[in-house]
Amino acid sequence: MAKYFGTYGIRGKLDTLTPGFTLRMCSAFGTYIRGGRVLVGRDARLSGTMLEHAAVAGLLSAGCEVLGLGIVPLPTLEFEIKRLSAAGGLMITASHNPPDWNGLKFADKDGIGISREEGERIERIFEKGDFNTAEWNKLGKVEHYSLALEEHADALRKCIEKRHILKEAPKVVLDCGNGTASLIAPKLFKEFGCRITTLNAQLDGSFPGRNSEPTPQNLKGLMDAVVALNADMGVAWDGDADRVIFIDEKGGYIYGDKSFALCVDIALRERKGYVVTTVATSNAVADVTKERGGLIEYVKVGGPYLSRRAKELNAVIAGEEAGGVLWPAVHLGKDGFLTAFKVLERICKDGRSLSSLIADMPAYYNAKTKVECPAEKKLAILRKFKEKVRRDGRINDLDGMRVDFEDSWVIVRASGTENLMRIFAEAKSQKKADKILRKYKRIVETLR
Ligand code: MG
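Below is a summary of the structure that appears in this document. Bear in mind that the values here come from a model prediction, so they are computed numbers and not experimental data.

**Details of the environment of S206**
The topology assignment puts S206 in the loop between β8 (195–199) and α8 (220–228). Taking relative accessible area as the criterion, S206 reaches 35% and is therefore assigned partly exposed. Separated by 160 residues in the primary sequence, S206 and L46 have C-alpha atoms spaced 6.9 Å apart. In this structure S206 touches L46 and P99, once residues within four positions along its chain are discounted.

Right, here's the structure in full:
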């Protein structure tokens, strides 16, 4: 089990994520990928410059050369890894975590995030101190690359039929959350012909405007603004702009599973093929996939698993329930901009409101809870749970334990960071979802 790596890289406060730690971990990563050119980007967090310098030193010492992109969104970095045929990438960001956090998101030569399993191998190099060390006269260069934002924007422009948006000139409120979305979103929305109002669209690593996780609580200001301005929709990104959340024209928050279902509908109309999603995703996605003649494929929860499988299957689209959608034709990371533009384009093309498009998606209700449990018991509980429920429905044990019933399901997963088991149920009515949740919570409790 990886000690530091989570589902996508490492996150922590500065007491654990020190410059020394960062330097050694980057040497381990540089050793793991056997040198080559590494792209380094960061978000605007106040500790970003300090950690970037440590990271660059670590990469150079392991025989890498560094191309610094400066402050960029995560999808921009992932896009450029492939475009520039780099050996890998590092984004210094803590995504949606509070401003005193930071993190290291490593990616491979395909722009795919380093998973927990690959992270384990990097950790072994880190623990042993088994680093490649470049000789004094063979140390790589550090150069700055300033075209990344413009090149990513260009790729986004090519994916969108601007004329539909120009014709409708929708009114859109953008909440960039003082994150890296500020660098691309306002400019392109304007260019595509939207009448925009921006909130928190200045880069600021202390996140003064709102907490950078786009939850309903944190997007109150955006929801109010959409209603007050009589706008057609609101759009909000997390700190590194891989995830995006939509607000409909009535000020309603649209959960990520609903917007992902809409994106699947959009993508499968363009091309048939695979849709990759996690075992924790709503059946709305499976229903839309089936209806539109696509094939669904499930993976473990985590961006890198989505990207890897999407590449293997040449998938049309991949995504998860928290607002992260990836469009493999452009690059293999979640892209909060492309997702926003695809939805915008659809609204304008069909001349329909966002709420009515979402209302077309299959309706499911969910319920979630957690049960406290000591870390050392988690695996045993899952094993016993599988034994206990295996006749109840179809079992999927890819990640935790999911049990599928006729048109509902429940999943029990061990939290990666806390002493908890998380339980999530989905059904065609709230009452049924609550009932399933109660039943399986009781079972988990008796197994502790
Ligand atoms: Mg993120």
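**Quick word on the packing of aromatic side chains**
Taken as a whole and judged by the stated rule, the model has 13 aromatic pairs. Ring geometry for W237 against F337: centres 6.0 Å apart, planes inclined by 40°, an arrangement best described as tilted. With a gap of 100 residues between them, W237 in strand β9 (residues 233–237) and F337 in helix α12 (residues 336–350) connect regions that are remote in the sequence. Through successive ring pairs, a cluster of aromatic residues spans F189, F192, W237, F337 and F341. Here the guanidinium or amino end of R402 rests over the ring plane of W409, the centre of that ring lying 3.8 Å away.

**Comments concerning the coordination of the magnesium ion**
Coordination of the magnesium ion by the protein comes from S95 (OG), D238 (OD), D240 (OD) and D242 (OD), over a distance range of 2.0 to 2.2 Å. The motif formed by the donor residues of the magnesium ion, counted along the single chain, is S-x142-D-x1-D-x1-D. For D240, a relative accessible area of 0% corresponds to the buried category.

**A word on the nonpolar core**
With 51 residues, the main nonpolar core has F189, V235 and W237 as its most contacted residues. Core analysis: the next-biggest nonpolar cluster, separate from the first, contains 27 residues, F21, V40, L51 and F106 among them.

**Quick look at the sheet that holds strand β10 (residues 244–247)**
In space, the 5 strands of this open sheet follow the order β8-β7-β9-β10-β11, with mixed pairing throughout. Both edges of this open sheet fall to β8 and β11 (253–254), since each of them pairs with a single strand only. Bridge analysis of strand β7 (residues 171–175) against β8 gives 5 bridges, and the strand direction is parallel. Following the sheet pairing, L174 is matched in β8 by T198. Taken strand by strand, α8 contacts β7, β8, β9, β10 and β11, and its axis lies near 160° from that of β9.

**Focus on the pairing of strand β18 (residues 401–404)**
Side chains M401 and V403 project from β18 onto one buried face, and the interleaved R402 and D404 project onto a second face that is buried too. Sheet analysis places strand β17 (residues 394–396) next to β18, joined by 3 bridges and oriented antiparallel. From the neighbouring strand, N396 faces β18, where its bridge partner is R402. Counting the residues in the hairpin turn of β17 and β18 gives 4 residues, including G400, whose phi is positive at 70°. Of the strand pairs in this sheet, β18 and strand β19 (residues 409–414) are connected by 4 bridges, and their pairing is antiparallel. What sits directly across from R402, in β19, is I411. What sits between the antiparallel neighbours β18 and β19 is a turn of 4 residues.

**Focus: empty space enclosed by the protein**
Enumeration according to the criterion identifies 1 cavity of 30 Å³ or more in this entry. In terms of lining residues, the largest cavity is bounded by 13 residues, among which Y8, E78, S307, G333 and K334 are the most central. For the lining of the largest cavity, the secondary structure elements donating two or more residues are α3 (74–83) and α11 (303–313). With 3 residues, the top contributor of residues to the lining of the largest cavity is α11. Here the residues of the lining of the largest cavity are counted per class, giving 5 nonpolar, 5 polar and 3 charged. Residues lining the lining of the largest cavity come from more than one domain, with at least three contributed by each of domain 1 (10–146) and domain 2 (152–359).

How each quantity is defined
- Residues numbered from 1 in each chain as written.
- Predicted model: local features only at pLDDT ≥ 70, side-chain atom pairs only at ≥ 80, totals over all residues.
- Heavy atoms only, no water.
- Helix = DSSP H or I, 4+ residues; strand = E, 2+ residues; numbered from the N terminus.
- Buried < 20%, exposed > 50% of the residue type's maximum accessible area, 1.4 Å probe, protein only.
- Contact = heavy atoms within 4.5 Å.
- Phe/Tyr/Trp six-rings, centres within 6.5 Å; stacked < 30°, edge-to-face > 60°.
- Lys NZ or Arg CZ within 6 Å of the ring centre and 35° of its normal.
- Donors = N, O, S within 2.8 Å, 3.2 Å for Na, K, Ca; no water.
- Core = buried A, V, L, I, M, F, W, Y, C linked by side-chain atoms within 4.5 Å.
- Pairing = 2+ DSSP bridges.
- Axes fitted to C-alpha atoms, helices over the stretch in contact; angles between N-to-C directions.
- 1 Å grid on protein atoms, 1.4 Å probe; cavity = no way out; pocket = protein on both sides within 12 Å on 5 of 7 lines; lining within 4 Å.
- Points joined across faces, edges and corners; volume = space filled by probe spheres on them.
- Nonpolar A, V, L, I, M, F, W, Y, C, P; charged D, E, K, R; others polar.
- Domains from an automatic or database assignment.

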